[in-house]
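Coordinates in review
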Amino acid sequence: MEYIDNMPLMDLMRSEKMTFVQLIIPAESAHRAITYLGQLGLLQFRDLNAKKSPFQRTFVNQVKRCVEMGRKLRYFKDQIHKAGLLLPPLPASQPDTELEEIEIQLAEHEHELIEMNANSEKLRQSYNELLEFKMVLQKASGFLVSSSSHTTDREIELDENVYSNDNHGDTASLIEQEMHSELSNQSGVRFISGIICNSKVLQFERMLFRATRGNMLFNQAVADDEILDPSSNEMVEKIVFVVFFSGEQARTKILKICEAFSANCYPVPEDTTKRRQITQEVLSRLSELETTLDAGLRHRDKALTSIGYHLTKWINMVKTQKAVYDTLNMLNFDVTKKCLVGEGWCPIFAKTKIQEALQRATFDSSSQVGIIFHVMDAVESPPTYFRTNRFTNAFQEIVDAYGVAKYQEANPAVYTIVTFPFLFAVMFGDWGHGICLLLGALVLIARESKLSSQKLGSFMEMLFGGRYVLLLMSIFSIYCGLIYNEFFSVPFHIFGDSAYKCRDATCSDAQTVGLIKYKDPYPFGVDPSWRGSRSELPFLNSLKMKMSILLGVAQMNLGIILSYFNARFFSSSLDIKYQFIPQIIFLNSLFGYLSLLVVVKWCTGSQADLYHVMIYMFLSPFEALGENRLFWGQSVLQV
């Protein structure tokens, strides 16, 4: 026990020793001090205003300003993505800007963008209306021309058949009367032309038919061009329609239905000459609007590009300032209202760095009074803090995702550095895949300095953060792949010839009868002749299942042993007597003994049935083992 107690301390094995500190900061240097401490990241403040709501705190107005600036920055980012522009990379160096100046710039840019978008939307709406009017004129002209030509054909037919026959005067007069009445009725036939979305045209036609009780003629044609919807920024297919009807009442009903279905109606003159004149005017105005819209889009893209150049820096600055004011809201003013008082936890090793940062904040803010930093006693348990580097950080995050260790407990992440990649390799043992994974990990590590300064996507950022995890996983995968003798699931004779051969020269019955062992076992890993043989599945499943048992029992024993060291560290004899000792006995009496049997069976080549041994060890402990005897004294040990 003395040897264990005298073992040297290791930083990674346990969380850092923490101390409770109090800061008394003059008001003029508070902002700069919190900023420097935030950049250091080694002090965790306590909330001294936990009973106050967020709106009752001192710096609530500054937080609101940061939130409003964050909203504007998100608006700019959405506009840049909507315009299809790419955010330029963050420049290596940009001049520092005050928060007030950024706030003014953001307000100006937002006002400019809103005004440009409003003008662009109005122009787009006018352009869409003219484009729809043009398509209605083109399509409706075809309907009107076909209708007039049909009437002219009927008039010619009547002239030939009626007025040329003098012997049937009565009949002629009746037909002539019908013709004149039809022409007079036709003068009362009206029409409404417009355009509607393709998805609504069936319901629209059905509603018109019901409202007019079938006393209408509905013509439709697909518009030549799709129209951009400003609200959704998507292209919409439209249908041009012309409804022929008679009577003012029908006209009122049809217009109301058009309004309900968001169908845009446009007046189309019956005179061909007027239609041509209006079409020419519409085309001319469309050309002008296209030019204006293009110029507006170019101007907006130029403004968005200018904003995007500073956007990343602005976002980082606003996030930093909001974090600073959120932290300042956790502090209290003293009685004189001239100083802020804060309390928090920091690692003992970081006290010197924190004091240096506070001195720098006092000097930079030109304060006449220094910041007081002193250690205090605390009743509550300190927070857990683990020092990590770029290699151990990913493993620490994996462990913390399942649960953070208690203060000063043994750190499981140290062992996870080996166990996590190795257990992955046990499942993913293939040295061909492992080489591919190794190459990918080496590329990420080789470009580490370049990739760390770039903004990566979510998937790429995850891969880059776990580059060292991938490295160890690939190395262990190659090792386990050599044990399994699998290269992209194909076995190779890497370490010499197989220990088995066929019963005959043709090997015709190798897959059914089996192979003959003629020399010592394969020097390393699984013999390649097992692949494709009759016994491949039972052999490999048995091998991997027993490996899983051995590794699982080893890992559980490691966890129980760690609990012993934790109990020793916290001087908890109850945990040692009534938790550690029973756990270690029960685990190793059952699964530990099973692991021993597996190893002995592998070493001796015995044919004993381990299922039978483990079951009857409880059901019939005094029964003779017979063929299941693996070593001398086994019966006594089992009892």
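Residues numbered from 1 in each chain as written. Predicted model: local features only at pLDDT ≥ 70, side-chain atom pairs only at ≥ 80, totals over all residues. Heavy atoms only, no water.

Under an unreviewed UniProt entry, the protein has the name V-type proton ATPase subunit a and belongs to Solanum tuberosum. Here the protein is described in UniProt, under the heading Subcellular location (unreviewed entry), as follows: "Membrane". (UniProt positions renumbered as here; feature names shortened; annotations may be inferred.)

We now examine the confidence of the model for the protein. The predicted model of the protein has a mean per-residue pLDDT of 83, with 88% of residues at 70 or higher. Here residues 150–187 scores under 50 on pLDDT; set against residues more than four positions off or in separate chains, the count is 13 contacts. (pLDDT = per-residue confidence, 0-100. Contact = heavy atoms within 4.5 Å.)

For the α-helix, the turn length of 3.6 residues means that residues three or four positions removed from each other point alike. When the terminal C-alpha atoms of helix α16 (residues 536–569) are compared, their 49 Å separation across 34 residues agrees well with the 50 Å that a helix rising 1.5 Å per residue should span. Among all positions of α16, only Leu540, Leu543, Lys546, Met547, Val553, Asn557, Ile560, Leu562, Tyr564, Asn566 and Ala567 are buried. Taken together, the buried residues of α16 touch α11 (413–427), α15 (467–484) and α17 (573–604). Once α16 finishes, Ser571 follows within two positions and takes phi at roughly 55°, a positive value. (Helix = DSSP H or I, 4+ residues; strand = E, 2+ residues; numbered from the N terminus. Expected span 1.5 Å × (residues − 1). Buried < 20%, exposed > 50% of the residue type's maximum accessible area, 1.4 Å probe, protein only.)

Our focus in this paragraph is a nonpolar patch on the surface. Together, Met545, Tyr611, Ile615, Tyr616 and Leu619 give the surface a local cluster of nonpolar side chains, amounting to about 540 Å² of exposed area. With four residues, helix α18 (residues 610–619) is the largest single contributor of residues to the nonpolar patch. On the secondary structure map, Met545 appears in helix α16. The class for Met545 is partly exposed, based on a relative accessible area of 39%. (Patch = residues over 30% accessible without salt bridge, like charges linked within 9 Å, V, L, I, M, F, W, Y side chains within 5 Å. Areas by Shrake-Rupley, 256 points an atom, 1.4 Å probe, with all protein chains shown as cover. Salt bridge = Lys/Arg side-chain N within 4 Å of Asp/Glu carboxyl O.)

As a further point, take the UniProt feature "coiled-coil region" (unreviewed entry) in the protein. Under the local residue numbering, the UniProt record ascribes the feature "coiled-coil region" (unreviewed entry) to residues 99–126. With 100% helix and 0% strand, residues 99–126 has its two end C-alpha atoms placed 40 Å apart.

Within this structure, the stated rule accounts for 23 aromatic pairs. Ring geometry for Phe59 versus Tyr325: centroids 6.1 Å apart, planes at 35°, classification tilted. Placement of the pair is Phe59 in the loop between β2 (44–45) and α3 (60–82) and Tyr325 in helix α8 (residues 272–328), with a sequence separation of 266 residues. By relative accessible area, which is 14% here, Phe59 ends up buried. When the ring of Phe487 is compared with that of Phe492, the centres are 5.5 Å apart and the planes differ by 85°; the resulting orientation is edge-to-face. Put simply, the rings of Phe204, Phe218, Phe241 and Phe261 touch in pairs and so form one group of aromatic residues. Sitting above the plane of the Phe570 ring, Lys406 keeps its charged end 5.2 Å from the centroid. (Phe/Tyr/Trp six-rings, centres within 6.5 Å; stacked < 30°, edge-to-face > 60°. Lys NZ or Arg CZ within 6 Å of the ring centre and 35° of its normal.)

With that out of the way, let us pick up the UniProt feature "transmembrane region" (unreviewed entry) in the protein. The residues that UniProt annotates with the feature "transmembrane region" (unreviewed entry) are residues 422–445, 466–484, 547–567 and 579–600. Taken end to end, residues 466–484 is 95% helix and 0% strand, and its two terminal C-alpha atoms sit 26 Å from one another. The annotated region residues 579–600 carries 100% helix and 0% strand content, and the separation between its end C-alpha atoms amounts to 30 Å.

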